[in-house]
Amino acid sequence: MLSSFTLAALDLVFPALCPVCEATLGPGRRDPLCGACWGAITRLGAPTCDVCGAATPTIATVAEPPRRVAPTCATCMTSPPHYDYARSAALYEGGLRDALHAFKFAGRRALAGPLGDLAAEQCVASLPDGIDALIPVPLARERERERGFNQATLLARRIGRRLGVPTRPSWLARIRSTRPQSDLSAAERRTNVRGAFRASERVAGRHLLLVDDILTTGATLDACARALSAAGARRVGVLTVARVVHAAV
Ligand SMILES: [Zn+2]
Ligand SMILES: [Zn+2]
């Protein structure tokens with residue numbers, strides 16, 4: 001570990017740059033984005049579908065209105081995911097996409113701070129009460145060794161501190177390696193991760209919040225939620241920093 005004195009000296013020689021636009025950050029600031037890039041992130045408002053958390057142009061009628069805060073969209077009515085609700089802080093685009101890339105692939109692990117805070121601040125009001133633990137989506141062991149960290153664990157720890165909820169990475173494990181989801185179609189993604197996770201028996205009866213950096217098709221999060229439910233979890237939610245918004249159907 002570098003001392004704060006060494007970091008301060010490094011700041012003078014190599015001033016910290018915004019990982020998105022490479023503007024020089026002020027002295028003493030290491031790693032968060034510059035103010036302009038931070039302000040340009042498209043934050044998501046209250047979810048219009050309680051289950052997938054997505055904004056949807058069509059709102060289906062709910063049979064028993066008092067059970068849900070928001071109505072359920074047509075997709076979740078016909079093929080509901082294995083998680084009970086999902087929330088994301090912002091759109092996966094522009095500066096936020098660059099920031100997440102810098103965080104994951106360029107080892108800028110201090111970005112877990114501002115990115116975790118973004119998720120916590122943006123979603124805290126719409127998360128249900130009574131969450132027992134945060135569960136980071138496990139990385140393949142080889143990938144975690146290569147990268148030196150699991151971005152979901154760093155985010156979960158930061159978010160957990162803000163929400164006052166413990167993080168339990170050991171409660172969910174990857175039991176086989178999978179191909180990177182980014183190379184695959186939506187249908188292939190589901191097959192690729194099916195049965196890839198196993199939950200600890202400690203999840204039984206608990207309300208758990210899965211944490212990851214991005215929700216793309218939701219296939220990985222769905223497979224994780226399925227494993228947690230199979231081990232007896234009472235309720236499973238999802239929280240991600242960013243969300244890919246698919247073209248309206
Ligand atoms: Zn910037
Ligand atoms: Zn939905």
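As shown above, the structure is provided for reference.
All of these numbers come straight from a predicted model, not from anything done at the bench.

Conventions we followed
- Residues numbered from 1 in each chain as written.
- Chains lettered and ligands numbered in written order.
- Predicted model: local features only at pLDDT ≥ 70, side-chain atom pairs only at ≥ 80, totals over all residues.
- Heavy atoms only, no water.
- Helix = DSSP H or I, 4+ residues; strand = E, 2+ residues; numbered from the N terminus.
- Areas by Shrake-Rupley, 256 points an atom, 1.4 Å probe, with all protein chains shown as cover.
- Phe/Tyr/Trp six-rings, centres within 6.5 Å; stacked < 30°, edge-to-face > 60°.
- Buried < 20%, exposed > 50% of the residue type's maximum accessible area, 1.4 Å probe, protein only.
- Lys NZ or Arg CZ within 6 Å of the ring centre and 35° of its normal.
- Axes fitted to C-alpha atoms, helices over the stretch in contact; angles between N-to-C directions.
- Parallel < 35°, antiparallel > 145°, perpendicular 65-115°, else oblique.
- Left-handed = near helix turned anticlockwise from the far one by under 90°.
- Contact = heavy atoms within 4.5 Å.
- Nonpolar A, V, L, I, M, F, W, Y, C, P; charged D, E, K, R; others polar.
- Donors = N, O, S within 2.8 Å, 3.2 Å for Na, K, Ca; no water.
- Tetrahedral: all angles 85-135°; square planar, octahedral: opposite > 155°, others 65-115°.
- 1 Å grid on protein atoms, 1.4 Å probe; cavity = no way out; pocket = protein on both sides within 12 Å on 5 of 7 lines; lining within 4 Å.
- Points joined across faces, edges and corners; volume = space filled by probe spheres on them.
- Core = buried A, V, L, I, M, F, W, Y, C linked by side-chain atoms within 4.5 Å.
- Domains from an automatic or database assignment.
- Arc of directions from axis to C-beta.
- Pairing = 2+ DSSP bridges.

Draft legend 1. Main features of the overall build of the protein chain. Helices and strands together make up the secondary structure of the protein chain, namely nine helices and six strands. For the protein chain, the accessible area works out to roughly 13,000 Å², and carbon and sulfur atoms hold 53% of it.

Draft legend 2. Summary view of the packing of aromatic side chains. Per the counting criterion, the structure on display carries one aromatic pair. Taken together, a centroid distance of 5.9 Å and an interplanar angle of 35° make the contact between Phe-103 and Phe-149 tilted. Highlighted residues: Phe-103 in helix α4 (residues 94–105) and Phe-149 in the loop between α6 (141–147) and α7 (151–163), separated in sequence by 46 residues. A residue is classified by how much of its surface remains accessible, and Phe-103, at 0% relative accessible area, is buried. Its end group placed over the ring of Trp-38, Arg-43 keeps NZ or CZ at 5.7 Å from the ring centre.

Draft legend 3. Structural context of the packing of helix α8 (residues 186–193) against helix α9 (residues 219–230). Where α8 contacts α9, the axes come no closer than 9 Å and their chain directions differ by 30°. Overall, the two elements α8 and α9 adopt an arrangement that is roughly parallel. Both α8 and α9 take part in a crossing whose hand is right-handed. The residues of α9 that touch α8, namely those facing Arg-189, Arg-190 and Val-193, are Ala-219, Thr-220 and Ala-223. Of the residues belonging to the contact of α8 with α9, the class tally is three nonpolar, one polar and two charged.

Draft legend 4. Spatial organisation of the coordination of the zinc ion (ligand 1). For the zinc ion (ligand 1), the full set of protein donor atoms is Cys-18 (SG), Cys-21 (SG), Cys-34 (SG) and Cys-37 (SG), and the range of their distances to it is 2.3 Å. Geometry at the zinc ion (ligand 1) is tetrahedral, judged from its four donor atoms and the angles of 105 to 114° they form at the metal. Read in sequence order, the donor residues coordinating the zinc ion (ligand 1) give the pattern C-x2-C-x12-C-x2-C. Assessed through its relative accessible area of 1%, Cys-18 is described here as buried.

Draft legend 5. Layout of the coordination of the zinc ion (ligand 2). Around the zinc ion (ligand 2), the protein supplies Cys-49 (SG), Cys-52 (SG), Cys-73 (SG) and Cys-76 (SG) as donor atoms, at distances of 2.2 to 2.3 Å. Around the zinc ion (ligand 2) sit four donor atoms, and with donor-metal-donor angles ranging over 104 to 116° the site reads as tetrahedral.

Draft legend 6. Broad picture of the layout of surface pockets. For the second largest pocket, the calculated volume is near 680 Å³. Counting residues per element, the lining of the second largest pocket draws most heavily on α4, at four residues. For the lining of the second largest pocket, the per-class residue count stands at 13 nonpolar, 10 polar and eight charged.

Draft legend 7. How the structure looks around the nonpolar core. By size, the foremost hydrophobic cluster in this structure holds 37 residues, and its most contacted members are Leu-33, Leu-96, Phe-103, Leu-115, Leu-134 and Ile-159. The set of elements that each furnish at least two residues to this core consists of β1 (85–91), α4, α5 (112–123), α7, β5 (207–215) and β6 (235–243). With six residues, the single largest contributor to this core is α5. Looking at which domains feed residues into this core, each of domain 1 (1–34) and domain 2 (41–243) supplies at least three. Ignoring sequence-local partners within four residues, the contact set of Leu-134 consists of Ala-156, Ile-159, Gly-160, Val-165, Pro-166, Thr-167, Arg-168, Leu-209 and Val-211. Formed by 25 residues, the second largest nonpolar core is a distinct cluster that contains Tyr-83, Ala-199, Ala-219 and Val-238.

Draft legend 8. Fine view of the environment of Ala-74. Within the secondary structure, Ala-74 sits in helix α3 (residues 74–78). Sequence separation between Ala-74 and Cys-49 is 25 residues; the distance between their C-alpha atoms is 9.1 Å.

Draft legend 9. Spatial organisation of α8. Every buried residue belonging to α8 is among Arg-189, Asn-192 and Val-193, and all of these are buried. Taken down its axis, α8 places every buried residue within 80° of arc, on the same side. On its buried face, α8 is in contact with β4 (197–199) and α9. Residue Gly-195 follows α8 closely and has a positive phi angle near 70°.

Draft legend 10. A look at unusual backbone geometry. Residues other than glycine seldom take positive phi values, yet Glu-22 does so here, at roughly 65°. Its location among the elements puts Glu-22 in the loop between α1 (4–13) and α2 (35–39).

Draft legend 11. Highlighting the sheet that holds β5. Read from one edge to the other, the open sheet built from four strands follows the order β1-β6-β5-β2, with strand pairing classed as parallel. A strand with exactly one partner marks an edge of an open sheet, and here the two such strands are β1 and β2 (133–136). On average, each strand axis in the sheet is inclined to that of its neighbour by 25°, with strand direction left out of account. Relative to β5, β2 is paired through four bridges, and the arrangement is parallel. Paired with Ala-133 across the two strands is Leu-208, which belongs to β5. On the sheet, α5 packs against β1 and β6 and is oriented at approximately 120° with respect to β1.

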